[in-house]
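Observations on chain architecture
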Amino acid sequence: MLSKDELVQAVGDIPPLSSSIVSIMNMLNSGIEIDFLDLENKIIQEPGLTGRVLKLANSPFYGMTGEINSIKEACLLLGLNSIRNLVISSAIIERFPIDTKTNLDFNKLWHHSVATAASAKVLSRYCNINPEQSFTAGLLHDIGKMIFEVYFTDQYKKALQYQNENDCLLFEAERKILGTDHSELGALTAEQWRLPENIIHTIRYHHDPRKTDIPGVEHIVYVSNIVARGLGIGFSGDNLIPALDPIVMETMQLNIDNIKESLGEIEALTDGFMTLIS
Amino acid sequence: MKKHSCISISDAIDDMQVAVDVIDPKGVCLLRAGAILTSSIIKGLMKRNIEELTIYRHVELSDEERNERLKSIIDEIDHRFSKVIDKPLMLELKSVLLEYRIREV
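Rules behind the numbers
Residues numbered from 1 in each chain as written. Chains lettered and ligands numbered in written order. Predicted model: local features only at pLDDT ≥ 70, side-chain atom pairs only at ≥ 80, totals over all residues. Heavy atoms only, no water. Helix = DSSP H or I, 4+ residues; strand = E, 2+ residues; numbered from the N terminus. Rg over C-alpha atoms; globule rule 2.2 N^0.38 Å. Buried < 20%, exposed > 50% of the residue type's maximum accessible area, 1.4 Å probe, protein only. Contact = heavy atoms within 4.5 Å. Axes fitted to C-alpha atoms, helices over the stretch in contact; angles between N-to-C directions. Parallel < 35°, antiparallel > 145°, perpendicular 65-115°, else oblique. Left-handed = near helix turned anticlockwise from the far one by under 90°. Phe/Tyr/Trp six-rings, centres within 6.5 Å; stacked < 30°, edge-to-face > 60°. Lys NZ or Arg CZ within 6 Å of the ring centre and 35° of its normal. Polar contact = N/O pair within 3.5 Å; in protein donor to acceptor, adjacent residues only side chain to side chain. Buried area = accessible area lost by both parts, 1.4 Å probe. Salt bridge = Lys/Arg side-chain N within 4 Å of Asp/Glu carboxyl O. Nonpolar A, V, L, I, M, F, W, Y, C, P; charged D, E, K, R; others polar. Domains from an automatic or database assignment.

Some remarks on the overall build of chain A
Assigned secondary structure in chain A consists of 17 helices and 0 strands. Relative to the globule expectation of 19 Å for 278 residues, the C-alpha radius of gyration of chain A, 18 Å, shows essentially globular dimensions. By residue count, 59% of the 278 residues in chain A fall in the buried class. Across chain A, contacts joining residues at least 24 apart in sequence account for 69% of those joining residues at least 6 apart.

Notes on the packing of helix 13 (residues 197-205) of chain A against helix 14 (residues 217-231) of chain A
Residue and element names in this part refer to chain A. Closest axis-to-axis distance for the helix 13/helix 14 pair is 8 Å, and the angle between their directions is 40°. When the axis of helix 13 is compared with that of helix 14, the two are oblique. Crossing geometry of helix 13 relative to helix 14 is assigned as right-handed. Contacts between helix 13 and helix 14 pair Asn198, His201 and Thr202 from the former with Val217, Glu218 and Val221 from the latter.

Quick notes on the packing of aromatic side chains
Residues and elements named next belong to chain A. For the structure shown, the criterion picks out 5 aromatic pairs over all chains. With 5.8 Å between their ring centres and 70° between their planes, phenylalanine 148 and phenylalanine 152 make a pair best called edge-to-face. Here phenylalanine 152 falls in the buried class, since its relative accessible area comes to 6%. Consider the rings of phenylalanine 148 and tyrosine 156, whose centres lie 4.7 Å apart with planes at 10°: the pair is stacked. The same class applies to phenylalanine 148 as to tyrosine 156, namely buried. The lysine or arginine in question, lysine 121, covers the ring of phenylalanine 135, its NZ or CZ lying 5.9 Å from the ring centre.

Points about the side chain of asparagine 225 of chain A
Residues and elements named next belong to chain A. One can find asparagine 225 in helix 14. Separated by 3.4 Å, the side chains of asparagine 225 and histidine 141 make a polar contact. When sequence neighbours within four positions are dropped, the list of residues in contact with asparagine 225 reads His112, Thr116, His141, His206 and His207.

A word on the interface of chain A and chain B
Taken together, the contact between chain A and chain B spans 31 residues of the former and 31 residues of the latter. Together, the buried faces of chain A and chain B total about 2,700 Å²; carbon and sulfur atoms form 64% of this surface. The tally of links between chain A and chain B comes to 2 salt bridges. Counting the contacts that link chain A with chain B gives 8 residue pairs in polar contact (both at pLDDT 80 or more). Of all the secondary structure elements, the ones that give two or more residues to the side of chain A that touches chain B are helix 14, helix 15 (246-252), helix 16 (256-260) and helix 17 (263-277) of chain A. Counted by class, the side of chain A that touches chain B contains 16 nonpolar, 6 polar and 9 charged residues.

Some remarks on the domain arrangement of chain B
Along its sequence, chain B is carved into domain 1 (2-58) and domain 2 (63-103). The C-alpha centroid of domain 2 of chain B is placed 30 Å from the C-alpha centroid of domain 1 of chain B.

Some points on unusual backbone geometry
With a phi close to 60°, arginine 194 of chain A is a non-glycine residue in the positive phi region. For aspartate 15 of chain B, which is not glycine, the phi torsion reads 75° and is therefore positive. Within the element layout of this structure, aspartate 15 of chain B appears in the loop between strand 1 (2-8) and strand 2 (17-18). When its relative accessible area of 62% is taken as the criterion, aspartate 15 of chain B is described as exposed.

Some words on the pattern of salt bridges
All names here are of chain B. All told, the structure shown has 15 salt bridges over all chains when counted by the stated rule. Linking aspartate 78 and lysine 94 is a salt bridge whose minimum nitrogen-to-oxygen distance equals 2.8 Å. Taken together, the residues aspartate 78 in helix 2 (residues 63-80) and lysine 94 in helix 3 (residues 88-104) connect sequence positions 16 residues apart. On the basis of relative accessible area, aspartate 78 is assigned to the partly exposed category, the value being 34%. Close ionic contact of aspartate 86 with lysine 87 constitutes a salt bridge, the shortest N to O distance being 3.5 Å. Assessed through its relative accessible area of 57%, aspartate 86 is described here as exposed.

Considerations on the environment of threonine 270 of chain A
Residues and elements named next belong to chain A. Position of threonine 270 among the secondary structure elements: in helix 17. Judged by its relative accessible area of 1%, threonine 270 is buried. Note: C-alpha distance between threonine 270 and alanine 118 (152 residues apart in sequence) is 5.8 Å. Apart from residues no more than four positions distant in its own chain, threonine 270 is found in contact with His111, Val114, Ala115, Ala118 and Ile233. A polar atom in the side chain of threonine 270 sits 2.7 Å from the backbone oxygen of isoleucine 266.

See below:
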């Protein structure tokens, strides 16, 4: 079992995001008018990040194909909100590469995360919620599992074993064996990394959306996580589906027909994004 | 079973499903991934100078392979929903997902 203090201390030992990433995020979150040349100079200090930002910026997800050749162009054409989401997504994907060797298959876990993100982007249109923020939050909702795997490998193996033996939801096994779950660990780490508030909330409440007052990105990702599991895309640690809360659906003004008409697009978006991060 | 395939717009026919968003040379999204092509959509895309499309191709299965695949899909979905079968909303979702998955085979 991990006590709250142990968890907080352990999170403190997790390597922070690189200083250049933090600097970029601070700049983008500052609310002060941005000098695009300055921003470009910060981003190009991280070659991996630069390459990934340009690759993502030139993908159909952002409506451009081969048009963007520089970070400055990306900033001007896509806007700062998109760049913020790109920087965050790229940084986390680089921290937990798809070919990381662990008990949980990271390729399949990313596949599930991408499917959740794609679902969040598509379903957010029905609810008037920012689709890009929904996508990014969906992409990162399960980073707690990656953090458990990489930084708490031995303890997490026990939780995975319990899940396998009892055929329960993984977060139930985590709570039973570790006294906490990936939502809390992921949220604590996201706080340490100073990710945006809506991402922290989504990570923390994506299994318990009624604990947060204001319907928004958290609720979309909660529904999308279930849709992605329903579609059987990737693997997030168990092969079960949590129940969808009808009150949350009603609050979001979402219904099963909305989900039904979105399935094709969700799968197609997922396939496309996976080719970008593979 | 579906796989991606990049085709010339001149080879596009009705009922093909696009696998990736269709973006025109100016960067405008003309058609979202997952959309089903019709002759008027294809003509419209040609007018907007679209030259290629990425579509889903269906791979033909034998009867035995199809039956096995169907059984596998049904078993998987049954298991996935096994802990929530007493909830009407989940039964509705299960039915939608089953119909979607079976349609692909």
